[in-house]
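Single-letter residue listing:
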Amino acid sequence: MKLPLYLDYSATTPVDPRVAKLMCECLTQEGNFGNPASRSHLYGWQAEEAVETARRQVADLINADPREIVWTSGATESDNLAIKGVAHFYHKKGKHIITSKIEHKAVLDTARQLEREGFEVTYLDPDSDGLISPAMVQDAMREDTILVSLMHVNNEIGVVTDIAAIGEITRAAKVLLHVDAAQSAGKIAIDMEAMKVDLMSFSAHKIYGPKGIGALYVRRKPRVRLEAQMHGGGHERGMRSGTLATHQIVGMGAAFAIAKDEMEADNAHTLALRERLWDGVKDMEEVYLNGSHEHRVSGNANISFNFVEGESLLMSLRELAVSSGSACTSASLEPSYVLRALGMNDELAHSSIRFSIGRFTTPEEVDQAIAQVRKAVIKLRELSPLWDMYKDGVDLNSVQWAAH
Amino acid sequence: MAYSEQVIDHYENPRNVGKMDEADAQVGTGMVGAPACGDVMRLQIKVSDEGVIEDAKFKTYGCGSAIASSSLVTEWMKGMTLDEASSIRNASISEELALPPVKIHCSVLAEDAIKAAIDDYKSKQ
């Protein structure tokens, strides 16, 4: 069976072979299998050394101190640790948190949990380009605000938040800023010495590292305190207990080191292919790029093909591995909450496809994708009563639909 | 999601796609669903003087199961009397297409479309 063409790099990436090789060296008896917490023998010391090298590699990508990096199981855990950890530590200072409606569920569900615990959360509405501006954050701040949590790059539409400017506002107000950088690390330059971000979540598997490992950056100056969410042994300076997974950590370190060296080349490559893809479909009628074109990570193209339903489009695109904002692809019947938060109507949200391009995507693959998409959209529009109505000049908003 | 062979067949080779003149007194048009919900079906029937459905056409905006459900009922309805057509139940549609539980609403919509088309035809007589 011919494998579908992979254009879902925002969901996950394959592990870079260079990374996989190093990981394999940390598993078996001949390899570096020791427990990094074993202080009494060589096995432990070697494993600890590998872990600390990886910690430095992660810190180097974002110009941070290695002592500011805490290993976690992934960005979801990092988000939980950052947000709950701050809320539980600083709750006497205030109980108000600011986030946005287009955050990842790891942030939104954590915020909901804190609401159940008595915290108050403000969910900012993005503008129609999907952007949260510094002014929006400024306006939402209150006396009792303790934390602002915003994503650097949105996972669905790829838009980039100006976290440097927002950091100036939060720091001036002595409010902590947490940023989920799962989709931005290795794709956008991050400088923790320059940016006033207090906590930042990272994932390895979005940039050619393994799944199941992530990190939380916790600033030392000015010092940020957290209440641990995982207890048992006091690893990671008490912030996150649990035996460190040497092979995973080595993989994340290697992936971040490669990202540092190759970010420029990766970005040039994915940007050229993203534009090639967009240029290949944008001349069709009623096709929209969702989210800001200008403030956008290089590999993401989230496109709505109006009057075509997303799941049926995916069915026609079985040779492409992409994802859809359509309700039908998820357990709920609601279309993407991110696209809806942009003020987009439900039809356009239902008709969206996210293409995400990565290090191993080729121009030939993009050309194949363009050809398949064009063919499928034309076919499905022939089948679509909405397309007929649009072509007849009927304003779909004026139609009384029978709800069901 | 895995689709049944029947759904894939109707999706890839939809039967009776098209549009008839809504103003024609012999034609009944049923449009059900809403774009916001992710599916809209337009089902049209052409009825002979003897009350037999001579022709049926559809266009559907929706998932593969919605397209297959409407394609299937156009096949079934041709040659049926209005009474026969109005007795088509969503359960037979979902059974024929082997729809999973999450897609049962597509067959319900197809049943609604049949009723709406028949009602529209009757209201013109």
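Residues numbered from 1 in each chain as written. Chains lettered and ligands numbered in written order. Predicted model: local features only at pLDDT ≥ 70, side-chain atom pairs only at ≥ 80, totals over all residues. Heavy atoms only, no water.

## Describing the overall build of chain B
When helices and strands are tallied, chain B shows 5 helices and 3 strands. Put simply, chain B runs from its N terminus to its C terminus through helices and strands in the order α-β-β-β-α-α-α-α. For 125 residues, the compact-globule estimate of 2.2 N^0.38 gives 14 Å, and the C-alpha radius of gyration of chain B, at 14 Å, lies within 12% of that figure. C-alpha atoms of chain B, sized along the principal axes, occupy 45 × 30 × 20 Å. A total of 125 residues make up chain B; the buried ones form 53% of that total. Contacts in chain B between residues at least 24 apart in sequence constitute 60% of all its contacts with a sequence separation of at least 6. Carbon together with sulfur atoms contributes 48% to the accessible area of chain B, which is approximately 5000 Å² in total. (Helix = DSSP H or I, 4+ residues; strand = E, 2+ residues; numbered from the N terminus. Rg over C-alpha atoms; globule rule 2.2 N^0.38 Å. Buried < 20%, exposed > 50% of the residue type's maximum accessible area, 1.4 Å probe, protein only. Contact = heavy atoms within 4.5 Å. Areas by Shrake-Rupley, 256 points an atom, 1.4 Å probe, with all protein chains shown as cover.)

## Quick notes on the confidence of the model for chain B
Of the residues in chain B, 99% have a pLDDT of 70 or more, and the chain-wide mean is 94. Model confidence for the complex: the whole-complex pTM is 0.92, and ipTM, which rates the interface, is 0.94. (pLDDT = per-residue confidence, 0-100.)

## Re the nonpolar core
Burial of nonpolar side chains together is a common tendency in soluble globular proteins. Ile-303, Phe-305, Leu-313 and Phe-355 of chain A together with Ile-45 of chain B are the most contacted members of the largest nonpolar core, which has 62 residues in total. Residues Ile-62, Ala-185, Phe-202 and Phe-256 of chain A belong to the second largest nonpolar core, which totals 43 residues. (Core = buried A, V, L, I, M, F, W, Y, C linked by side-chain atoms within 4.5 Å.)

## A closer look at the interface of chain B and chain A
Contacts between chain B and chain A engage 29 residues on the former and 25 residues on the latter. Across the chain B to chain A interface the summed buried area is about 2600 Å²; carbon plus sulfur atoms make up 61%. Contact with chain A buries surface across chain B, with Tyr-11, Pro-35 and Tyr-61 of chain B losing the most and accounting together for 27% of the total. Viewed at the interface, chain A and chain B are joined by 5 salt bridges. Our count for the contact surface shared by chain B and chain A stands at 15 residue pairs in polar contact (both at pLDDT 80 or more). Elements represented by at least two residues in the side of chain B that touches chain A include exactly α1 (5-12), β1 (27-34), β2 (39-47), β3 (53-61) and α2 (64-77) of chain B. Taken together, the residues of the side of chain B that touches chain A sort by class into 18 nonpolar, 5 polar and 6 charged. (Buried area = accessible area lost by both parts, 1.4 Å probe. Salt bridge = Lys/Arg side-chain N within 4 Å of Asp/Glu carboxyl O. Polar contact = N/O pair within 3.5 Å; in protein donor to acceptor, adjacent residues only side chain to side chain. Nonpolar A, V, L, I, M, F, W, Y, C, P; charged D, E, K, R; others polar.)

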